[in-house]
Each structure stands twice: as structure tokens, then as C-alpha cells.
Amino acid sequence: MSCPKTDHLLQEYFADDLAPFAREEIEKHLATCAHCSEELGALMQTQSSLRQWQEQRVPHWDRRMNLFPAEGKPQSVIARFFSGLQWVPTAASFAMLAILLLNVSVVSGDQGFSIAFGAAAKNSLNLQAELAALQSQQQSEMQALIARVEDRLDSNNVRLLQAVMEQTQQTTSENFEQMYSYFEQQRLLDLQDMRVGYEQLVNSDYETIRSLQQLANFVSYEGSSR
Amino acid sequence: MSPIEDDDALIAAALNGSAFAWEKLVKRFEGRVYNLGLRLTGNPTDAMDLMQEVFIGVYRNLHRFRGDAKFSSWLFRIAHNKAVDMNRRKRLLMSKSKSATLEEGDVFETIPGVPRDEPENRLGEVQLNRQILGMLTRLPMDQRLVVELKVFQSLTFDEIAVMQEISENTAKTRFYTALKKLKDIAEEHHVLS
């Protein structure tokens, strides 16, 4: 025994927002239709059977899944440097420096793009002429400078020599005067010393003569007394 | 609820690089996601793979979560999409490796086994789940997803329609068809009391 309304009615029965009058209609039909009623009971039983599901525990697993850096282990300097985009300005600076140092030039011609390192060949002759001109100019400037420096040095030397000679002459005359006065002083002192020595010598001679006279007097006295 | 217990606070902290906040957030939802995975894939290995894919997806898109919807709804939308992707990948892989014709949706392990590392006292519980899985894995994936969303995630047909990009009526019909099929399987095998 089957019912043509079963699927339509039961599908509506499981709807979320079944209107009260629609539910009443379905309930009315279920009360009279054994097939639909049995079918609904079986479906409800199946649904409640599914709800007997027992939550199963999650097996142990790594919840961080290497999404986070390990705590307490700081990233290396290199890893930190490359972790963001902070390396971009540095890389750009290096690239610019390399371009400037290598004198890289990109030329687009008939055969596509070409990259050249150093001066392009067509400019090399001009560059050499300019370099030669610059070199000769620098040489002449340098020579003029040297000449000026030499002149200045010569005049300075003459002045210095004159000053040294003047100072030397002055010093020499002063020295002569000092030496003269020193020798004069020494001569006077020596004369004084000689005079004192001579007087002492004379005095000692007088002493000797007086002793001889006393001795002679004594001897003559002894002779007379005998 | 303290600030750190709030989903939004945990999300903000995780976005600032707090692994602790991220783990707390994952712990809060991992059970539901894992069990969803078990019911949709039919086996623990695929359920674990799916769960990891879901949380990697959540982490990578966390900065896009604006908070205008519930975080759990957003997360289960990702889980739904990942399950669909995974089923598609498996179907593709099996169609290449096996010449045998497969009914759509039966690409996961059709007869789920009891995990070998389950303790004895959990066997009864696992046995009941195994019977449910035995029924669910007989459904095509689109019907299995509707049953999952309606019965286990308690979504309305309107929400299911939005998530699956189908009409509400199609969602209702799909659910009813799935329920009828499950009833037939149960009657056929007398697996349920």
C-alpha cells in the first residue's frame, strides 16, 4: 500500500519553518494514512539513530602545525632579515651600486636589447681624447703650481737664512763680549791670587830669616858666655 | 567570559603571533571538526588530514575574518569546502588508479574499521559510530554533506542552501532523499535498534 502524497508531505514536514496550518494539514493526513505515518516514524527513527553519534576524542596532534616559530628559540638574523620585505631596499641599493660600478648600459637596437658593461665602444675614442686633454691640463696646472711653490719656498729660505745669520752674528758678538769679560775677570783673579801667593811666600821668607837671626843670636850668646 | 576566553580576543592574539592563543582556539573547535571529518570521510586518517587542512585554511584566512558572522559558522564553512575539495581529489585519484566504476560519494573508506589504537572500553562507543558511518558512507557526498549540516551541525535549510550554493528547496529535497536512503539501509541491514 502506498500513498502519492507521502514524499511531498514528509519533505515539508522536515522543513524548518512549517506554517501552523500546513502542519495541521499534514497531521490530519498522517492520522488517516498508515503508510505516510509509518514512513514518517521510520524517518524520525533514522534521524534519532544518527544523533546517537558519540563524540570521539581527537588523537594527539601538533596544533601549531609549524605555523608559529618555536618559542624561546629566536629566529636567526638571516631568517629575520628575509622574513619580511626589509631586504628589498638593501637589495635595490646593491643592484644600483653594481650598475654604477660596472657601468652597465642597456641599449635597444635593431637586434633587440643588449647589455654592455663598461663604456660603449663608440665612445671610447672621444673619451681617450678627453682624458689626454684633461691630463695635459692637469700637468700644466701642476707645473705652474710647483713653480709658484718653489718661488715661495726660495724667498722664504732667503728670509730665513738672513734671519739666522743676523741672529748668529748678534749671538757671536755677544759671546765675544761675554768671553772677553770672562777672561778679563779670570786674569784679574789670577793676578790677585799670584799677589797673595807671593806675599805669603815673602812672609814665609821673612819668617825664615827671622829664625836664622834668632839662631845666630843664640849661637853668638852661647859663645860669648863661654 | 574573560577577554582571553572570547573567540575574537583569541583570534586577535593569534594574529599577533601568539601560539598559545591559537592552540586555545583550535582546542575549542578541533573536536567538532574531527568528528565532522570522521562522518564525512569515514575513517580517522582522512578525518585527521581534513582537520589539519581546515585549521591551516583557518589560520591562513584568519586576517580575513571580519567578525560580522560567528567564528564557528565561518570555520565550518571552511570545513565544508575542504571536505568537498578532499572528496574531489580522492575521486580523481581513484578514477585514475582504478578502472572499477565507483558510485559517486563512495570514495572514502566504505567500510570504516575500528581504529587499532582504540582502548577496549571505547569499543562499544566506536561500534555504534561505526554503524552510523556504515550508513553515511553509502550516501553520495552531496547528500552526506546535507545530512551532516542538518542533523549534526543543526543548520537551517536556508543556511545549507547558501553554503552549498543551491536553492533552499533543493536542500530540502536532498535531505529528504538522503534520510529515506539511510532508512532503507538501516532496514536492509538491521544495523540500528
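Throughout this description, residue numbers start from 1 for each chain and increase along the sequence as written. Written order determines the labels here, with chains lettered from A and ligands numbered from 1. Under the rules for a predicted model, residues below a pLDDT of 70 receive no local features and side-chain atom pairs below 80 are neither given nor counted, while totals for whole chains, interfaces and linings still include all residues. To obtain the side-chain values, all non-hydrogen atoms of the structure were included, while hydrogens and water were left out.

Novice: In this structure, what is going on with helix 8 (residues 168–189) of chain B? I would like to understand it.
Specialist: For an α-helix, 3.6 residues make a turn, and residues three or four places apart therefore share a direction. Between the first and last C-alpha of helix 8 of chain B there are 32 Å, a value that for 22 residues agrees with the 32 Å anticipated at 1.5 Å per step. In this scheme, a residue with accessible area under 20% of its type's maximum is buried, one over 50% is exposed, and one in between is partly exposed, where area comes from a 1.4 Å probe on protein chains only. Strands are runs of DSSP state E lasting at least two residues, helices are runs of H or I lasting at least four, and both sets are numbered from the N terminus onward. Looking at helix 8 of chain B, one finds that the buried residues are B:Ala171, B:Lys172, B:Arg174, B:Phe175, B:Tyr176, B:Ala178, B:Leu179, B:Leu182, B:Lys183, B:Ile185 and B:Ala186. Expected helix span is given by 1.5 Å per residue-to-residue step, counting one fewer step than there are residues.

Novice: Which parts of the structure should I look at to understand unusual backbone geometry?
Specialist: For residues other than glycine, phi is negative in most cases, and the peptide bonds are mostly trans. Residue and element names in this part refer to chain B. At serine 154, a position not held by glycine, the phi torsion is positive, near 55°. One can find serine 154 in the loop between helix 6 (141–152) and helix 7 (157–164). Residue serine 154 is classed as exposed on the basis of its relative accessible area, which comes to 56%. Of note in this structure, glutamate 165 is not a glycine but carries a positive phi near 55°.

Novice: How do you make sense of the nonpolar core when you look at a structure like this?
Specialist: Generally speaking, a soluble globular protein has its nonpolar side chains buried in company with each other. B:Trp22, B:Phe55, B:Val58, B:Phe71, B:Leu75 and B:Val147 are the most contacted members of the largest nonpolar core, which has 74 residues in total. The greatest single-element share of this core, amounting to 11 residues, is contributed by helix 2 (residues 19–41) of chain B. The contact criterion used is simple: two residues touch if any of their non-hydrogen atoms lie within 4.5 Å. Every residue in contact with B:Trp22, bar those within four places of it in the chain, is listed here: A:Arg63, A:Arg64, A:Met65, A:Leu67, A:Phe68, B:Ala14, B:Phe55, B:Val58, B:Tyr59 and B:Leu62. For our purposes a nonpolar core is just a set of buried Ala, Val, Leu, Ile, Met, Phe, Trp, Tyr and Cys residues, chained together by side-chain atoms within 4.5 Å.

Novice: So what exactly am I meant to see when it comes to the packing of aromatic side chains here?
Specialist: To describe a pair of aromatic rings, one takes the distance between the centres and the angle between the planes. Pairing of aromatic rings covers Phe, Tyr and the six-membered ring of Trp, with a centre-to-centre limit of 6.5 Å; geometry is then stacked below 30 degrees between planes, edge-to-face above 60, and tilted otherwise. Throughout the structure, instances matching the rule amount to 11 aromatic pairs over all chains. Relative to B:Trp74, the ring of B:Phe71 lies with its centre 5.7 Å away and its plane at 35°, an arrangement referred to as tilted. Of this pair, B:Phe71 and B:Trp74 both sit in helix 4 (residues 71–97), three residues apart, roughly one helical turn. Note on B:Phe71: relative accessible area 4%, which makes it buried. Classification of B:Trp74 as buried rests on a relative accessible area of 17%. Of the aromatic side chains, those joined through ring pairs into one cluster are A:Tyr13, A:Phe14, B:Phe157 and B:Phe175. Note on geometry: a ring has a charge over it if NZ (lysine) or CZ (arginine) is within 6 Å of the ring centre and within 35 degrees of the ring normal. In this structure, B:Arg39 packs its charged tip against the face of B:Phe152, placed 4.0 Å from the ring centre. We note B:Lys150 situated over the ring of B:Phe157; from NZ or CZ to the ring centre the distance is 4.4 Å.

Novice: Any chance you could explain the pattern of salt bridges here in plain terms?
Specialist: Side-chain pairing between opposite charges can occur once the charged atoms of the two side chains come close. Salt-bridge detection follows one rule: a side-chain nitrogen of Lys or Arg within 4 Å of a carboxyl oxygen of Asp or Glu. The tally for this structure, following the rule as stated, stands at 17 salt bridges over all chains. In this structure, B:Arg39 and A:Glu55 form a salt bridge, with 3.9 Å as the shortest nitrogen-oxygen distance. Here B:Arg39 is found in helix 2, whereas its partner A:Glu55 is found in the loop between helix 3 (34–50) and helix 4 (77–83) on a different chain. Take A:Glu55: its relative accessible area is 47%, and that puts it in the partly exposed class. The salt bridge involving B:Arg174 is made with B:Asp142; its shortest N-O contact spans 3.8 Å. With B:Arg174 in helix 8 and B:Asp142 in helix 6, this pair connects stretches of sequence that are 32 residues apart. According to the relative accessible area criterion, B:Asp142 is partly exposed, its value standing at 29%. Through salt bridges with shared partners, a single network forms among A:Glu39, B:Lys183 and B:Asp184.

Novice: Looking at this structure, I do not really get the interface of chain B and chain A. What am I missing?
Specialist: Interfaces are often sized by the accessible area lost when the parts come together. Residue-level contacts link 50 residues of chain B with 32 residues of chain A. Two parts placed together each lose some accessible area under a 1.4 Å probe, and adding up what both lose gives the buried area. For the pair chain B and chain A, the summed buried surface comes to about 4000 Å²; carbon and sulfur atoms form 62% of the total. The largest share of the area that chain B buries against chain A comes from B:Tyr176, B:Leu179 and B:Lys183, three residues that together contribute 15% of it. One can count six salt bridges joining chain B with chain A. Measuring nitrogen to oxygen at the nearest pair gives 2.9 Å for the salt bridge that ties A:Arg63 to B:Glu30. Any pair of N or O atoms that falls within 3.5 Å is considered a polar contact. Within protein, one atom must be able to donate a hydrogen and the other to accept it, and sequence-neighbouring residues count only if both atoms are side-chain atoms. Here chain B is connected to chain A by 15 residue pairs in polar contact (both at pLDDT 80 or more). Elements with a minimum of two residues in the side of chain B that touches chain A: helix 2, helix 3 (44–61), helix 5 (123–136), helix 6, helix 7 and helix 8 of chain B. Three classes are used: nonpolar for Ala, Val, Leu, Ile, Met, Phe, Trp, Tyr, Cys and Pro, charged for Asp, Glu, Lys and Arg, and polar for all others, with Gly counted as polar. Along the lines of polarity and charge, the residues of the side of chain B that touches chain A split into 26 nonpolar, 10 polar and 14 charged.

Novice: Please explain the packing of helix 2 of chain B against helix 4 of chain B as it appears in this structure.
Specialist: Working note: a packed helix pair is described by the angle between its axes plus the distance between those axes. Residues and elements named next belong to chain B. In the contact formed by helix 2 and helix 4, the axes pass within 11 Å of each other and the chain directions differ by 35°. Crossing of helix 2 against helix 4: the hand is right-handed. Contacts from Leu25, Phe29, Arg32, Val33, Leu36 and Leu40 in helix 2 reach Phe71, Ser72, Leu75, Phe76, Ala79 and Ala83 in helix 4. Of the residues in the contact of helix 2 with helix 4, the class split is 10 nonpolar, one polar and one charged. Axis angles are defined between N-to-C directions and span 0 to 180 degrees, where every axis is a line fitted to C-alpha atoms and, for a helix, only to the segment in contact. By convention, the crossing between two helices is left-handed when the near helix turns anticlockwise from the far helix through less than a right angle, and right-handed when the turn is clockwise.

Novice: Just to check I follow, could you spell out the environment of B:Thr170 for this structure?
Specialist: All names here are of chain B. With respect to the helices and strands, threonine 170 occurs in helix 8. Using a relative accessible area of 31% as the deciding quantity, one classes threonine 170 as partly exposed. Put simply, threonine 170 and phenylalanine 157 are 13 residues apart on the chain and 9.1 Å apart in space, counted from C-alpha to C-alpha.

Novice: When you look at the packing of helix 1 (residues 7–15) of chain B against helix 2 of chain B in this model, what are you seeing that I'm missing?
Specialist: Residues and elements named next belong to chain B. For the pair helix 1 and helix 2, interaxial distance at closest approach is 8 Å and the crossing angle is 135°. Taken together, the axes of helix 1 and helix 2 are oblique relative to one another. As for how helix 1 packs across helix 2, the hand of that crossing is left-handed. Only Ala21, Trp22, Lys24, Leu25, Arg28 and Phe29 of helix 2 make contact with helix 1, whose side of the interface consists of Asp7, Leu10, Ile11, Ala13 and Ala14. When grouped by side-chain class, the residues that make up the contact of helix 1 with helix 2 number eight nonpolar, no polar and three charged. Small angles under 35 degrees read as roughly parallel and large ones over 145 as roughly antiparallel, with 65 to 115 read as roughly perpendicular and the rest as oblique.

All we've got here are geometric facts, nothing functional implied.
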